[in-house]
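An overview of the molecular structure
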Amino acid sequence: MEAGESKSVIFIAFACNLAIAVAKFLAAAWTLSSAMLSEAIHSLVDTSNQLLLLLGIRRANLPPDAQHPFGHGKEIYFWSFIVAMVLFSLGAGVAIYEGFEKVLHPQPLQNVSVIYAVLAVAMLLEGYSTVQAVGEFNRRRRSTGQGFITALRASKDPTLFAIVLEDLAAMTGLTIALLGTLAADLGGYDWADGVASILIGCVLAFVAIFMSSEIRSLIVGEAASRAVQMGLRDIIDAETGADKPIRKINEIRTMHLGPQDILVTASVDFDNWVSARTVEDVTARLQTAIKSRYPEVHNLFIEVQSEQAFEANRNTPHVQVVGSGAH
């Protein structure tokens, strides 16, 4: 369900940005506004980015194969990283370059009323897209009790937080463009239009750097949320202790292979009296309980290992003896 909701947010952003980009390019050509040209490029980049995110979602849903036995979930992280690079190189780079050109060679704006009209329409459309994206993001983060910035950094769904950041950057850029236009139009500061373009480029660069940093961490491999890790431990703890088959939990490791795809490995030390049949029954119960509570756990492996063997091998690569296989 969450993937579908992210996709609907992307479609809304795509439609709004496409309409805005066309209007901005026409206005930039008519008025010779550098800030408007930067905003037009920004909207065009955002439009192409939404197509890349949709491609990432489609690729991430491909089934596992011989070459990718854990599926293609990380495709969404790769394409989101490409989005950040496009935003930085095309969006920020062109806006800053165009701004410096206008500061060095200022020209008065023409047909300023067109700029105001386009900015007003763009703010309405971007505002609607932003409300939808932020609303969906807030709905998800409230279930975790996290603050906005903390939730952004903890989010495993780059398709959603990329749209949220792009929309917020777009609203900020439109505000800067409006202020630059007012300064050039009412104040007579022709260079203010170029300064506005440079500031818009800086906003896009900041967003791109933040996005690339967060997505890099997801590509490398981030653990599941603390709540999920604690829940997994609680489930295994139910089979652990005196008169229980598991003597001790050595370790639980998790990694996101996609926004809704978690890999879990657990090393547990069974009591010496436990039979092979009991080990099979316990691991089967754990697999059923974990996947029932956390359906996003698509791959679960339980390693039967004594505490002494675990301590001896914990810092060295080793082949695991698996008690419970993948879903």
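Everything below is about the structure printed above this text.
Treat the numbers as computed from the prediction; the structure is a model and nothing was measured. (Residues numbered from 1 in each chain as written. Predicted model: local features only at pLDDT ≥ 70, side-chain atom pairs only at ≥ 80, totals over all residues. Heavy atoms only, no water.)

Structural notes on the pattern of salt bridges
Proximity of charged atoms lets side chains of opposite charge pair with each other. Tallied over the full model, the rule gives twelve salt bridges. Note that R140 is salt-bridged to D157, the shortest N-O span being 2.9 Å. Taken as a pair, R140 in helix α4 (residues 112-142) and D157 in the loop between α5 (148-154) and α6 (158-186) lie far apart in primary sequence, 17 residues in all. One exposure class covers both R140 and D157, and it is buried. By sharing partners, the salt bridges in this structure join E136, R139, R140 and D157 into a single network. (Salt bridge = Lys/Arg side-chain N within 4 Å of Asp/Glu carboxyl O. Helix = DSSP H or I, 4+ residues; strand = E, 2+ residues; numbered from the N terminus. Buried < 20%, exposed > 50% of the residue type's maximum accessible area, 1.4 Å probe, protein only.)

Regarding the packing of aromatic side chains
Counted under the stated rule, the structure contains four aromatic pairs. With centroids separated by 6.3 Å and ring planes inclined at 75°, the aromatic side chains of F70 and F301 adopt a geometry described as edge-to-face. Of this pair, F70 sits in the loop between α2 (34-60) and α3 (75-104) while F301 sits in strand β3 (residues 297-304), and the two are 231 residues apart along the sequence. With relative accessibility at 37%, the residue F70 sits in the partly exposed group. (Phe/Tyr/Trp six-rings, centres within 6.5 Å; stacked < 30°, edge-to-face > 60°.)

Digging into the pairing of strand β1 (residues 246-258)
The pairing of β1 with strand β2 (residues 261-270) spans ten bridges and is classified as antiparallel. Bridging across to β2, M255 finds its partner in L263. Between β1 and β2, which follow one another and run antiparallel, lie two residues. (Pairing = 2+ DSSP bridges.)

Thoughts on the pairing of β3
As a general feature of sheets, a regular strand has side chains that alternate between the two faces. Of all eight residues making up β3, six are buried, and the element is well covered by its neighbours. One ladder, built from seven bridges, connects β2 with β3; its direction is parallel. Bridge pairing in β3 links I262 to V297. In the classification by handedness, the crossover that spans β2, the intervening helix α9 (residues 276-293) and the parallel β3 is right-handed. (Right-handed = clockwise from strand over helix to strand, strands pointing away.)

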